[in-house]
Amino acid sequence: MSADPTLTHSAPPQPDPQPASGAPTDRADAAPWIPAIATGLAMVLATLSVSAVFADWSWWTPTLVMILLVVGSGALLRAVPVIRATGSAVLVQCVLAVVAALYLCVPSAMPLGVPSPAAFWELFSMLGDGVNDIYATTAPAQSTPGFTAILVVGIGLITILVDGLVSDLRSPKVGGILLLLIWVIPVVLAGPQLAWYHFAAIGCAFVVLMLSRYLAVRVRRAAAFSVVAGALALVLGVGLPLLLPPVAQRPQQPLGTPQDITVVNPFLDLHADLDASDDQLVFSYTTDDPLAPPLRLTSVTAFDGTTWMPEPFDIDPFAVAADGLPRPDGVAADTSVVERTAQISIQDLDEQHLPAPYAPAAVDGVERRWIYDPSTLTIVGNGVLSTDADYTVEYRSVEPTAGQLAEASPVDADDFETALALPADVPDVIGETAEQVTAGSENQWESAVALQDWLRSDEFEYSLDAPADASGSALEDFLRDKRGYCVQFSGAMTAMARSLGIPARIGVGFTAGTPTGEDSYDVRLNQAHAWPELYFEGSGWVRFEPTPGGPAGDPPPWADAEGGDQGDSEETESPTDAPSNEEPEAGEESPPAETPAPEAADDEQTSASSSAWPAVVGGVVLLVLLAALPAVIRIFRRRSRLTGDAEHRAEGIWEEIAATTIDAGRPWERSRTLRDHEQRLSPALDEDGTALLARAADAAESLRYGAGVDATTVPSTEEAIHLVARIRRAHTEEMGVGARLRAAVLPLSLFRRVPRGREVARKRMSGSTESQTKA
Amino acid sequence: MTALGNDHITHIQAIAQKSRSAMNSVLDGKDHAVRTALITLFSGGHLLLEDVPGVGKTLLAKALGRVVGGSVRRIQFTPDLLPSDVVGVSIFNQEKRTFEFRAGPVFANVVIADEINRASPKTQSAMLECMAENQASVDGTTYRMPQPFMVVATQNPVDMEGTYSLPEAQRDRFTARISIGYPSTEAEMDMLDHHVEYDPLSRTAAVTTLDEVTQARELIRHVEASPELRAYVVSLLDATRSDPAIALGSSPRAGVQLLRTAKVLAVLAGRGYVTPDDIQALAVDVLSHRIVPREGDDPQLAASLMGDILRRVPVR
């Protein structure tokens, strides 16, 4: 009978390639539903704290459904060992959540009950509406569909993340940080409305989440630790709002009035501004410009017969106003362009547009989120408001001579489709009146001056007692009654110029204001203004001033008939009665109630083009972050293992080597000794690595079983990183591309139990006296 | 003497290394058996050699006695051997009118108990008492064994004719059980060449002294065994007791002896502390003869079950 080969000393028993089936499992595996319940409870509590923002509860049900769906599906999926081991439950949850968001938020966009691309776009635009609603409302607000969509999608996403962190990665502490994210919503949007129970709700959510890990185990000490951690988090939760920058307050804006929409179309509430009895200071500025041009917020070009609105444009976040704006369109080289500067200090203006003289060339002193629309050179805040801005505008003051304008050739109508558009339902009287007024004009400049002079003549009366819009019918009334204010004057001149083939739009903003000293001006709310801008080849967009009274100033020099070749001032007065003769008495139409509807339409159109893509990009970024999360956590674990004092490193190196091996999809047999592992790993390493590994084994062995660790033998952090990198390379060399990718993106060591040497070391410290007596 | 310094470790290593090479020159290619025998000697235990006749069991035992410079006695166990033939007998001295104790062959530093399983259980137990107590009682007088005292028992495999298998309780008294095994072809040819011409033992001289061995035994007891290590040993013992394939698991004495031998191995490796490697290297030799597999008392089966346990129990 020969000796059994397992009896030789030099070769200790070789474990099977298969890990032992009876390997100890994590205690939490026993009850995968406990973390899920804890996550669900914490999220529901967290939503309760969000309720401070809203005046009603209709947003709550879909949010609740989303949370329960995510948590429930997570628990079911994680009951399957394969899914649990690979952590793929999160991916399935993401898909489920996206589909659920469609059904919960935009069921009407899916007539067949099947998700379609259109439904996705609908959801995105609803999210965009929600963003606008955030700007437009103050708490407590009615929960709009947009708000609900944001909450359903956002909280669903956070639930997935928290559930993944708690159930898969067992890091409820990181999940707690995400809960703080939810708490920030009511703190920012509804600070004054917060009551103690909102705070209690988020606090309980936090504690529940912290306890989730220990509910199954019932370790008192750990539970106590969690409560302390929860309490600490509460303190953080209280402290965080104090650290946040102050949130823009919008005073004097009663809830639910149309002024809330000013961010989208300033043209529409000029009437309310002009009407303002309190002449509050909006901003003050200094400039040395002798022309004292008005300060424009934006130009409205699109006219659908009812409403004038800014032409939607594609927001380009890289068209940063602080980096300078392009030269205005159509300005020829021989046209006089004077570079000037205005120093503007906003006092009380919360606009999405930045007031600036035309044509701004660069803006200094504002955030890079102020971007510009290249076609109108409007400066738009990408999610910021003009509140308290203090900035310098360098601008190109285009100052053509009357002669240059007179010589301008008519434009190609195809290039100015929007600026020449007059919808079919605009009353014919406008075009007919324009023809009469400009009869005899030899060029477009003469026609424009004729229109302006006619409107400035004594026939017209400046009055705020007019309908607050410039719709086709309102203009018809205006031409008949000859009473109105800048909205009607500019609207009428613009529409009439268009009927004559001159591209025209309405500039909206403020007049030059009241001089307060040399070169300095104050602008008040009732100095809000609108004026026509007409396009002339060679000079670009040129301002006219048809409004005869109110805050309006004098016409610019190039719009003065005397400056031209011919004086046509008399001619302008000839066709005065024509409009009212042709149009018999119509009923008194005063449609102020009509304004909200076009505003809403306007709102939707702007947001659809501007807010959908940030949601897409945000979603993609979040998905990428979600996918990168395991790898990031893995990196942090590696760092924490390989740094620290000698004892920590001595054990940490072996933990990390074990984790690296597990990442590579190889078993780390816990029945093997350190030497055994060392001998198996060494052949794959070079001389340097072998020596380092031997030192690591010496150090850990001496720490665990010997007199303690000798700090000089333990590999340093750099050496440890080097060693682990070598071992990882040795592993990856034998792996396929797919396996490498999986090891990088989804490190298995996060989901399996890595032998914890540190526990050993800690026991070792407490048990050393015992071992002495035994020896 | 409590401290175990590096110089002590080096000294013991040197002794063991000299003994080992001396014995290896006698037994070609049997390093494992030689090493286990020396570890048993330094741990203060007894060795059970179980193998077929003629592979060098007796030669190993003799070589062991020779290199430590101690007395070597050999007892050939036969069915008619009486306990007094082993322990000794009191003889009445006619001249002095007193009983005189005539010591049996068991009073030696190394006692070779050849074919122990051929003797009757009564004689076996007398022998085993000497091993356990390190003393013998004859007619009310206690006689201590010389120090160091080590029994190397040889046993033919139990399925051979005319043998009384050692009961489990008796086997437990042996620290380790090894089999020598047939030599390799080369070693066997070498053996035919040399051993035919002269006695291999004739050229073996003592390389150490009995005092040194006793001193080393004392020092080795102070090798450190950390709580984790002891916990690992206990979990191994537990595993033999709870394994469904094993009818009788290891005794607590097994654990003590395993740790003692592991301490020797640690010192031989130049360490002042025991590691799980030492335990794993010795567990099969030290534990497998103490467990009884359910499927029959087979040494090979017991060894493979022990190997399974080592592969299963996590190292602490």
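Residues numbered from 1 in each chain as written. Chains lettered and ligands numbered in written order. Predicted model: local features only at pLDDT ≥ 70, side-chain atom pairs only at ≥ 80, totals over all residues.

**What about the sheet that holds strand β12 (residues 504-510) of chain A?**
All names here are of chain A.
Moving on, step 1. Read from one edge to the other, the open sheet built from four strands follows the order β2-β12-β15-β16, with strand pairing classed as antiparallel. At either end of the open sheet lies a strand with only one pairing partner, and these are β2 (295-300) and β16 (540-543). Sheet twist, expressed as the average angle between the axes of neighbouring strands with direction ignored, equals 35°.
Moving on, step 2. Here seven bridges tie β12 to strand β15 (residues 528-536), and the two strands are oriented antiparallel to one another. Residue pairing in the sheet places I506 in a bridge with P532 of β15. (Pairing = 2+ DSSP bridges. Helix = DSSP H or I, 4+ residues; strand = E, 2+ residues; numbered from the N terminus. Axes fitted to C-alpha atoms, helices over the stretch in contact; angles between N-to-C directions.)

**Let's talk about the sheet that holds strand β9 (residues 176-178) of chain B**
Residue and element names in this part refer to chain B.
Moving on, step 1. Within the open sheet, the five strands sit side by side as β2-β5-β8-β1-β9. Their pairing is parallel. For this open sheet the edge positions go to β2 (72-76) and β9, each flanked by a neighbour on one side alone. The mean angle between the axes of side-by-side strands here comes to 20°, regardless of whether they run parallel or antiparallel.
Moving on, step 2. Alignment of strand β1 (residues 47-50) against strand β8 (residues 150-155), held across four bridges, turns out to be parallel. Pairing of L48 across the sheet is with A153, part of β8.

**Examining the environment of A356 of chain A**
All names here are of chain A.
Moving on, step 1. Counting through the fold element by element, A356 comes out in the loop between β5 (337-346) and β6 (360-364).
Moving on, step 2. Sequence-wise, A356 and V393 are 37 residues apart; in three dimensions their C-alpha atoms are separated by 6.7 Å.
Moving on, step 3. Apart from the residues within four sequence positions on either side, A356 is in contact with L295, R296, I379, V393 and Y395. (Contact = placed C-beta atoms within 7 Å.)

**So, helix α8 (residues 210-220) of chain B**
All names here are of chain B.
Moving on, step 1. Burial in α8 covers these residues: V213, A216, L219 and I220. End-on, the buried residues of α8 take up no more than an arc of 125°, which puts them together on one face. Exposed side chains of α8 directed beyond 90 degrees from the buried face belong to D211 and E218.
Moving on, step 2. Buried residues belonging to α8 abut α1 (6-26), α2 (31-43) and α10 (252-268). (Buried ≥ 20, exposed ≤ 12 C-beta atoms within 10 Å, placed from the backbone. Arc of directions from axis to C-beta.)

**Looking at unusual backbone geometry**
Moving on, step 1. Note the cis peptide between Y358 of chain A and A359 of chain A, where omega equals -5°.
Moving on, step 2. Structurally, A359 of chain A is set in the loop between β5 and β6.
Moving on, step 3. The amide bond that connects Q147 of chain B to the next residue, P148 of chain B, takes the cis arrangement and shows omega of -10°.
Moving on, step 4. You can see P148 of chain B is positioned in the loop between β7 (141-144) and β8.
Moving on, step 5. One non-glycine residue with positive phi stands out, namely D519 of chain A, at about 65°.
Moving on, step 6. Within the secondary structure, D519 of chain A sits in the loop between β13 (514-517) and β14 (520-524).
Moving on, step 7. Its identity is not glycine, yet E115 of chain B carries a phi of approximately 50°, on the positive side.
Moving on, step 8. Note that E115 of chain B resides in the loop between β5 (110-114) and α5 (121-133).

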